[in-house]
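# Chains, contacts and geometry: an overview
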Amino acid sequence: MIAFLLRRLGQSLLLLLIVSVIGFAILHLAPGGPMSQFAAGGDMTQADLDRIAEQLGLNRPLPVQYLEWLWRMLRGDWGVSYRDQQPVLHIIASHIGATLELMLTSTLLAMVIGAWVGILGAIRRYSLFDSLATVGAMIALSIPTFWFGLVVIYVFSVGLGWLPSGNRYTMGDGSFLNQVHHLIGPCIVLALVSTAVWSRYMRSSMLEVVNQDYIRTARAKGVPERQILLRHALRNALLPMITITGLHVPTLLSGALVTETVFTWPGMGRLFLDSISYRDYPVVMGILMFTAVLVLTGSLLADLLYGVADPRISRSGR
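Since the structure is predicted, the reported quantities are computational estimates derived from the model, not experimental observations. Here the residue numbers are simple positions, counted from 1 along each chain's written sequence. Only residues with pLDDT of at least 70 are given local features in this predicted model, and only at 80 or more are side-chain atom pairs given and counted; all residues enter the totals for whole chains, interfaces and linings. Based on all heavy atoms of the structure, the side-chain values leave hydrogens and waters out of the count.

## Topic: the overall build of the protein chain
Secondary structure summary: the protein chain contains 14 helices and 0 strands in total. The numbering of helices and of strands both runs from the N terminus, where a helix is a DSSP run of H or I of at least 4 residues and a strand a run of E of at least 2. Starting at the N terminus and ending at the C terminus, the protein chain contains elements arranged as α-α-α-α-α-α-α-α-α-α-α-α-α-α. Counting over 318 residues, the protein chain shows a buried share of 41%. Looking at the protein chain alone, contacts between residues at least 24 apart form 73% of all its contacts between residues at least 6 apart. Reported accessibility uses the Shrake-Rupley method at a 1.4 Å probe radius. Residues are deemed covered only where the shown protein chains occlude them. For the protein chain, the accessible surface area stands at approximately 17,400 Å², while carbon and sulfur atoms represent 68% of it. Burial here depends on accessible area, computed with a 1.4 Å probe over protein chains only, as a share of the maximum for the residue type. Under 20% is buried, over 50% is exposed, and the range in between is partly exposed. The contact rule is simple, with two residues in contact once any of their heavy atoms fall within 4.5 Å.

Okay, here's the thing in structure tokens:
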């Protein structure tokens, strides 16, 4: 297992390098380039622009710019924002808490509801509940995130006045309950698709497990059905859920980007869109690399949890 994780770690570092090269090239070769941020005002002369390019190193060949950026990043210097003149790491740190709060709560909500719906659908196969859960999952997967977010705002904020229409908390009231009140809307929107996906995977996995020989043997021995489901079937059925949890991080991040924009949630998704619109390339590259690290970390954690859930995987070493 250790050898496998070390091999995966090496592959992850190589993948991070590839992501950084592609991201850096796309941003700096896009029409306009990073200098368009400074030329947008229209009050700078060409001499001013040349001086700024010299100070920022933007007049050097692109491979040289990339190597200099990579060397600074490895030393912990991720650059300075063009817009705010603040360190990129400081800006990301000020927004990551809101994104993690939204992602963790929506993930927990989706896993609990998705697992419950999937298990119940497998136990009551082809029942009315199972049919409604299947139809509901298909509908949830078909609904665009931004549209569902707007519906939630229109119905529960504008129409009923039950939920705030945006932001992380009310100005002047940063209490815990106030933050939870603001979290409900975006959390439900972000959890919608994840709940549908996990319920389908859980149902399929549970159906496969309950038909195994050891489950039939336990039933033949007179073991109570509740004990069979909780102690034998559920643990093995959770293995695909572990994989989905690790690989679902990109989907959560993309969904968070849309959800944060709709609900004006001050997280990394909204920061990413704002940075692109302002052509704040150091911040965009910082978010891109930070997101890549989160995705790869989620994949590695899924492998570790696999070994905990099924010791046979640890012993085999993959």
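After that view, the rundown keeps rolling.
## Overview of the nonpolar core
Counting 25 residues, the largest nonpolar core has Trp 69 and Met 289 as the members making the most contacts within it. Among the elements of the structure, helix 1 (2-29), helix 4 (62-74), helix 5 (88-123), helix 12 (268-277) and helix 13 (281-309) are those that each provide at least two residues to this core. Residue contributions to this core peak at 8 residues, all from helix 13. In this description, a nonpolar core means a group of buried Ala, Val, Leu, Ile, Met, Phe, Trp, Tyr and Cys residues linked to one another through side-chain atoms lying within 4.5 Å. Residues Ile 119, Ala 122, Val 209 and Ile 215 belong to the second largest nonpolar core, which totals 18 residues.

## Comments concerning helix 12
Of all the residues in helix 12, the buried ones are Met 268, Gly 269, Leu 271 and Ser 275. Buried residues along helix 12 cover an arc of 160° about the axis, so they all sit on one side. Following helix 12 by one or two positions, Arg 279 adopts a phi angle in the positive range, close to 55°. The arc in question is formed by the directions pointing from the helix axis toward the C-beta atoms.

## Considering the pattern of salt bridges
For this document, the term salt bridge refers to a Lys or Arg side-chain nitrogen within 4 Å of an Asp or Glu carboxyl oxygen. Evaluation of the coordinates by the stated rule reveals 4 salt bridges. Residue Arg 60 is joined to Glu 68 by a salt bridge in which the shortest nitrogen-to-oxygen separation is 3.7 Å. Here Glu 68 falls in the partly exposed class, since its relative accessible area comes to 29%. Put simply, Asp 130 and Arg 203 hold a salt bridge, and the shortest N to O gap is 2.8 Å. Remark: Arg 203 occurs in helix 8 (residues 176-210) and Asp 130 occurs in helix 6 (residues 128-142); sequence separation between them is 73 residues.

## Considering the side chain of Arg 200
Among the secondary structure elements, Arg 200 is positioned in helix 8. All tallies of charge rest on Lys and Arg as positive and Asp and Glu as negative; His and the ends of each chain are not included. In this structure, Arg 200 is buried with no salt-bridge partner, the nearest side chain bearing the opposite charge being Asp 130 at 4.2 Å. Leave out the neighbours within four places in its chain, and Arg 200 touches Asp 130, Ala 133, Thr 134, Ala 137 and Met 138.

## Topic: the packing of aromatic side chains
Aromatic rings from Phe, Tyr and Trp, taking only the six-membered ring of Trp, are treated as a pair when their centres fall within 6.5 Å; an angle between ring planes under 30 degrees marks them as stacked, one over 60 as edge-to-face, and anything in between as tilted. Counted under the stated rule, the structure contains 5 aromatic pairs. Taking 5.5 Å as the distance between ring centres and 70° as the angle between the ring planes, the aromatic pair formed by Phe 24 and Tyr 66 counts as edge-to-face. Separated by 42 residues along the polypeptide, Phe 24 in helix 1 and Tyr 66 in helix 4 bring together distant segments of the chain. Residue classification places Phe 24 among the buried residues on the basis of a relative accessible area of 5%. For Tyr 66, a relative accessible area of 11% translates into the label buried. The rings of Phe 24, Tyr 66 and Trp 69 are connected pair by pair, giving a single aromatic cluster. The rule for a charge over a ring is simple: NZ of Lys or CZ of Arg within 6 Å of the ring centre, and within 35 degrees of the ring normal. When the ring centre of Tyr 278 is taken as reference, the NZ or CZ atom of Arg 83 above it lies at 4.3 Å.

## Things to note about a nonpolar patch on the surface
The patch calculation keeps residues exceeding 30% relative accessible area without a salt bridge and links them within 9 Å when they carry like charges or within 5 Å when they are nonpolar (Val, Leu, Ile, Met, Phe, Trp, Tyr). A grouping of Leu 108, Leu 109, Val 112, Ile 113, Phe 176, Leu 177, Val 180, Ile 184 and Ile 188 is seen on the molecular surface, where their side chains present a nonpolar patch of about 820 Å² in accessible area. Secondary-structure elements contributing two or more residues to the nonpolar patch are helix 5 and helix 8. At 5 residues, helix 8 tops the list of elements feeding residues into the nonpolar patch. Exposure remark for Ile 113: the relative accessible area of 35% places this residue in the partly exposed category.

## Here's the deal with unusual backbone geometry
Among all residues save glycine, negative phi is the norm, and among peptide bonds the norm is trans. Despite not being glycine, Gln 85 shows a phi value in the positive range, around 60°. Mapped onto the fold, Gln 85 is located in the loop between helix 4 and helix 5. Overall, Gln 85 belongs to the exposed group, its relative accessible area being 55%.

## Quick word on helix 4
Expected span of a helix, by definition, is 1.5 Å for each gap between consecutive residues, and there is one gap fewer than residues. For helix 4, built from 13 residues, the straight-helix expectation of 18 Å at 1.5 Å per residue is met to within 8% by its first-to-last C-alpha distance of 18 Å. Inspection of helix 4 places Gln 65, Tyr 66, Trp 69, Leu 70 and Met 73 among the buried residues, and these make up the whole buried set. One side of helix 4 carries all its buried residues, which in axial view fall inside an arc of 130°. For helix 4, the exposed residues set more than 90 degrees away from the buried face come down to Pro 63, Leu 67, Trp 71 and Leu 74.

## Digging into the environment of Val 293
Within the element layout of this structure, Val 293 appears in helix 13. Along the sequence, Val 293 and Ser 12 sit 281 residues apart, while their C-alpha atoms lie 8.6 Å from each other.

## Side note on the packing of helix 6 against helix 8
Axis geometry follows a simple rule: fit a line to the C-alpha atoms, using only the stretch in contact for helices, then measure angles between N-to-C directions, giving values from 0 to 180 degrees. Contact geometry for helix 6 and helix 8: axes closest at 8 Å, N-to-C directions at 140°. Between helix 6 and helix 8, the angle falls in the class oblique. Crossing angle aside, the handedness with which helix 6 passes helix 8 is left-handed. Note on element contacts: helix 8 touches helix 6 through Leu 192, Val 193, Ala 196, Val 197, Ser 199, Arg 200 and Arg 203, opposite Asp 130, Ala 133, Thr 134, Ala 137, Met 138, Ala 140 and Leu 141. Polar here means any residue outside two lists: the nonpolar Ala, Val, Leu, Ile, Met, Phe, Trp, Tyr, Cys and Pro, and the charged Asp, Glu, Lys and Arg; Gly therefore counts as polar. Here the residues of the contact of helix 6 with helix 8 sort into 9 nonpolar, 2 polar and 3 charged. Here is the rule for angles: anything less than 35 degrees is roughly parallel, anything more than 145 is roughly antiparallel, 65 through 115 is roughly perpendicular, and the remaining ranges are oblique. Left-handed describes a crossing in which the near helix is turned anticlockwise from the far one by less than a right angle; the clockwise case is right-handed.

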